[in-house]
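Structural description and commentary
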2 protein chains.
Amino acid sequence: MVQLSLNRRVRRSPFSDKVEAAGVSAYTVYNHMRLPTVFRSLTEDYAHLKQAVQLWDVSAERQVEIKGADAEKLVQMSTPRDLSRMADDQCYYIPTVNAAGKMTNDPVLNKIGADRFWVSLADSDLLLYYQGLAAGLKLDVEISEPNIHPLAIQGPKANELVERLFGAEYAATKFFRHKTVRIGQTDMILARSGWSVQGGFELYFDATEDAGTFWDRAMEAGRDLDIHAGCPNGIERIEGGLLSFGSDMTFGDTPYEAGLGKYCHDTPACLGHAALQSATIPERQIRAIEIAGDNLPACDRTWPLKDADGGYAGQITSAAQSPDFKCGVAIGMVEADYLAAGSELTVETSTGPRACTVRDKFWI
Amino acid sequence: MVQLSLNRRVRRSPFSDKVEAAGVSAYTVYNHMRLPTVFRSLTEDYAHLKQAVQLWDVSAERQVEIKGADAEKLVQMSTPRDLSRMADDQCYYIPTVNAAGKMTNDPVLNKIGADRFWVSLADSDLLLYYQGLAAGLKLDVEISEPNIHPLAIQGPKANELVERLFGAEYAATKFFRHKTVRIGQTDMILARSGWSVQGGFELYFDATEDAGTFWDRAMEAGRDLDIHAGCPNGIERIEGGLLSFGSDMTFGDTPYEAGLGKYCHDTPACLGHAALQSATIPERQIRAIEIAGDNLPACDRTWPLKDADGGYAGQITSAAQSPDFKCGVAIGMVEADYLAAGSELTVETSTGPRACTVRDKFWI
């Protein structure tokens, strides 16, 4: 790893003081913010995430708030997922696309009321897309980046922690639904969601309340649960098949290539609708890929996939050595000829070629 | 400084191999790319930049290409700077704004022909704004991120290097003008521009040619000029008053607050035109600020400015210790009451308060 130069542009969050005190050792930059990536070590953080509970400062999941009479119309223009039956307490994972049907982000959309949404972003300034589109069409919406900083509570003991902090009715929140919880003098959104498959919640922390005070309260409540500061884990998220926009799919890919065809409904109101009609059978698609051997190097760039004849078969976009599965776990964009589970390929890693196999599903 | 976790999302450039071989020691992340920030040390890089010539991989200045019959119309909608008399070989520094008159970026706009522009970005996905606006208005444009990776040639000996590489007619390029230069089989744009005030050029390298081959050729040509790999320097750019979007001004600021009023013309075609009419006398504005003393700590966040009574007077947004000027050099957003040169304030740095003075201009 290399050093990261810090300045105002790489923004801090209201939780940054606590994250630093907890010993963050590496960051990435995500939506112009510092997003922790490692505390103790990637593998220690991984093992702990699977057995205890962690607090994650995921403020870098910036919110775009869209409210007003045309709010749903604007959001629907940006995604092929049908929003017409979305409940007021619901969260949707939505691929967002431009008019060419190419992905612009893969946020979680939170409906906060009839005419109010929070688009909880992956790493791109989708705020600017909404501003441009709303200006062009003179839509009746207000678009802003509110003072909201998601704090994730993740791990198998997340339920217990949420019950202690807020009560049993909050721990009973259904998957991808949210409830309103009072913290200090402020109502906040608590959703059952998060960027791990260990279970957990995301608290959309409103920084009109003091973030450090709440952090300390949560840490105190979880002390005997072995609570620790954590972050999205680069191994666990691959095992669980959680895609990373910018790594696993980019501005150049369609939702079908990203394996998100199930979110592409017949929604003519989506500006990418026409383009997506001819993209339903993609020439390449995301797959889980198992890489043989130990000590896989850090995957700091794409790695080419080759077939038995040395022909191009796609590329690995994320990879890590899995302690639990005793293999390299990877996500790759695989060319159509090699999509079948069991396809045997070679990946050119930065420390040499390795045998690998296309899988039918992710690990956990 | 802390560690930066690297993955595909934090993109490499065609010059990354050379940058790594040259000993890059720190990066920032800029437009989802790795942008070098330090090679030997901030102060060694600084001294060298002022006396020799450096090659900078500034691929992170991503290009948005806008071409088609409505290209100028679309760009003009995004900026208050009048584009009507822009020549086909001209570069304009343009604040870009949304319909509310708030800044979205401060790119260099390169006109490449009658209906073709490259918007050379600071750190935001302005691509998405243009896509949204063009879709809303059904404009006749193609918008893309081309395979172009700027390589800057900066420093007092940049002229000599360009003359050796391309000939005297290229070294004679006027400021913020560009010429077309043939490299291999490909025509590329060479502009007299760059993010230092030491003089120099930006070569908009088309990566259909091999970047490493050109890098080596330039290094060889500059060997007796003491050429070295470099990058935008955090001290020199403050001395020279080169603003950093995201640090010195953000999505929340107007061009007038950023001191860019001279680029705000009477251009009703700019969507922010009406909003900007009421923003001409800002309540705060960017200023150069001199900070007393030695050993200024790294400015990794904003630092509050206080007046003699302890009242809020603004904030420092970038700062560094200047070897040449023997003081702290800083950029700050200063409240209206304290804008006059000579205003004496206190800055709350991360190592305690310091006396500082508002200046009438930058240092170099």
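It should be noted that the structure appears before, not after, this text.
The notes below deal with the structure included here. Residues take numbers from 1 onward in each chain, read along the sequence in its written order. Chain letters and ligand numbers both follow the written order, the letters beginning at A and the numbers at 1. The predicted nature of this model means local features are confined to residues of pLDDT at least 70 and side-chain atom pairs, given and counted, to a pLDDT of 80 or more, with totals for whole chains, interfaces and linings taken over all residues. With hydrogens and water stripped out, all remaining heavy atoms of the structure feed into the side-chain values.

Describing the packing of helix α4 (residues 126-137) of chain A against helix α4 (residues 126-137) of chain B
Lines are fitted to the C-alpha atoms to define the axes, a helix being fitted only along its stretch in contact, and any angle between axes, read from their N-to-C directions, falls within 0 to 180 degrees. Only DSSP runs of H or I reaching four residues or more are called helices, and only runs of E reaching two or more are called strands; each is numbered from the N terminus. In the contact formed by α4 of chain A and α4 of chain B, the axes pass within 7 Å of each other and the chain directions differ by 25°. Classified by the interaxial angle, the pair formed by α4 of chain A and α4 of chain B is roughly parallel. Considering only the axes of α4 of chain A and α4 of chain B, their crossing is right-handed. Of the residues in α4 of chain B, those touching α4 of chain A at L126, L128, Y129, Q131, G132, L133, A135, G136 and L137 of chain A are L126, L128, Y129, Q131, G132, L133, A135, G136 and L137 of chain B. Under the scheme applied here, ten amino acids are nonpolar (Ala, Val, Leu, Ile, Met, Phe, Trp, Tyr, Cys and Pro), four are charged (Asp, Glu, Lys and Arg), and all others, including Gly, are polar. Tallied by class, residues from the contact of α4 of chain A with α4 of chain B come to 12 nonpolar, 6 polar and no charged. Every angle not falling under 35 degrees, over 145, or within 65 to 115 is termed oblique; those three ranges are roughly parallel, roughly antiparallel and roughly perpendicular. Here is the rule for handedness: rotate from the far helix to the near one, and if that takes an anticlockwise turn smaller than a right angle the crossing is left-handed, while a clockwise turn gives right-handed. Note on definitions: a residue-residue contact is assigned when non-hydrogen atoms from the two residues lie within 4.5 Å.

Focus: the nonpolar core
Counting 74 residues, the largest nonpolar core has F166 of chain A together with F166 of chain B as the members making the most contacts within it. When sequence neighbours within four positions are dropped, the list of residues in contact with F166 of chain A reads V181, I183, L190, L203, F214 and R217 of chain A. Residue types Ala, Val, Leu, Ile, Met, Phe, Trp, Tyr and Cys, when buried and joined through side-chain atoms within 4.5 Å, form a set referred to as a nonpolar core. Note on exposure labels: buried denotes an accessible area under 20% of the residue type's maximum, exposed denotes more than 50%, and partly exposed covers the range between, all computed with a 1.4 Å probe on protein chains only.

A few points about the environment of V38 of chain A
By secondary structure assignment, the location of V38 of chain A is in strand β3 (residues 33-38). In the structure, V38 of chain A is positioned 12 residues away from A26 of chain A in sequence and 5.1 Å away in space, judged by C-alpha atoms. Not counting residues within four places of it along the chain, the set of residues in contact with V38 of chain A comprises V24, S25, A26, D45 and C231 of chain A together with S5 of chain B.

A look at the interface of chain A and chain B
The figure often quoted for interface size is the accessible area lost as the parts come together. Listed per partner, the contact involves 53 residues of chain A and 53 residues of chain B. Reported buried area values correspond to the accessible surface (1.4 Å probe) lost by two parts on association, with both partners' losses combined. Across the chain A to chain B interface the summed buried area is about 4,500 Å²; carbon plus sulfur atoms make up 54%. Taken as a group, Q3, R8 and R9 of chain A account for 19% of the area that chain A buries against chain B, more than any other trio of residues on that side. Between R9 of chain B and D123 of chain A there is a salt bridge; the shortest N-O distance is 3.1 Å. Contacts described as polar in this section are N or O atom pairs within 3.5 Å, which, within protein, must combine one atom able to donate a hydrogen with one able to accept it, while residues neighboring in sequence count only if both atoms come from side chains. Linking chain A with chain B are 25 residue pairs in polar contact (both at pLDDT 80 or more). Elements with a minimum of two residues in the side of chain A that touches chain B: β1 (2-4), α1 (16-21), β2 (26-30), β3, α4 and β19 (312-322) of chain A. With 10 residues, the top contributor of residues to the side of chain A that touches chain B is α4 of chain A. Take a side-chain nitrogen of Lys or Arg and a carboxyl oxygen of Asp or Glu: if they are within 4 Å of each other, that pair is a salt bridge.

Considering the side chain of N233 of chain A
All names here are of chain A. The residue N233 is located in the loop between β16 (228-230) and α8 (236-239) in this model. At a separation of 3.0 Å, a polar atom in the side chain of N233 contacts the main-chain carbonyl oxygen of L42. A polar contact is formed between the side chain of N233 and the backbone nitrogen of E236, at a distance of 3.0 Å. Not counting chain neighbours up to four residues away, the residues in contact with N233 comprise L42, D45, Y46 and L49.

Considerations on helix α7 (residues 211-221) of chain B
All names here are of chain B. Of the positions making up α7, those classed as buried are A211, G212, F214, W215, A218 and M219. On an axial view of α7, the arc spanned by its buried residues comes to 165°, and they lie on one face. N-cap assignment for α7: the residue whose side-chain oxygen lies 3.4 Å from the backbone N of G212 is D210. This arc is taken over the directions from the axis of the helix to the C-beta atoms.

A short note on the state of the cysteines
Put simply, a disulfide is two cysteine sulfurs that come within 2.5 Å. A complete count under the given rule lists 0 disulfides over all chains for this structure. Here C91 of chain A is not disulfide-linked; the sulfur of C264 of chain A is the nearest cysteine sulfur, at 20 Å. Not engaged in a disulfide, the cysteine C264 of chain B finds its nearest cysteine sulfur in C270 of chain B; these two sulfurs lie 8.1 Å apart.

Observations concerning unusual backbone geometry
All names here are of chain B. In this structure, N31 is a non-glycine residue whose phi angle is positive, near 50°. With respect to the secondary-structure elements, N31 resides in the loop between β2 (26-30) and β3 (33-38). Under the relative-accessibility criterion, N31 is labelled buried at 2%.

A closer look at the pairing of β19 of chain A
Residue and element names in this part refer to chain A. With 10 of 11 residues buried, β19 lies mostly within the body of the structure. When DSSP finds at least two bridges between two strands, those strands are taken to pair. Direction of pairing for strand β18 (residues 303-306) relative to β19: antiparallel, over a ladder of 4 bridges. Its bridge partner lying in β19, K306 is registered against Y312. The turn linking β18 back onto β19 is made up of 5 residues, and G310 within it adopts a positive phi angle of 85°. In this sheet, strand β20 (residues 327-335) lies alongside β19 in antiparallel orientation, the contact comprising 8 bridges. By the bridge assignment, A319 is partnered in β20 with A330.

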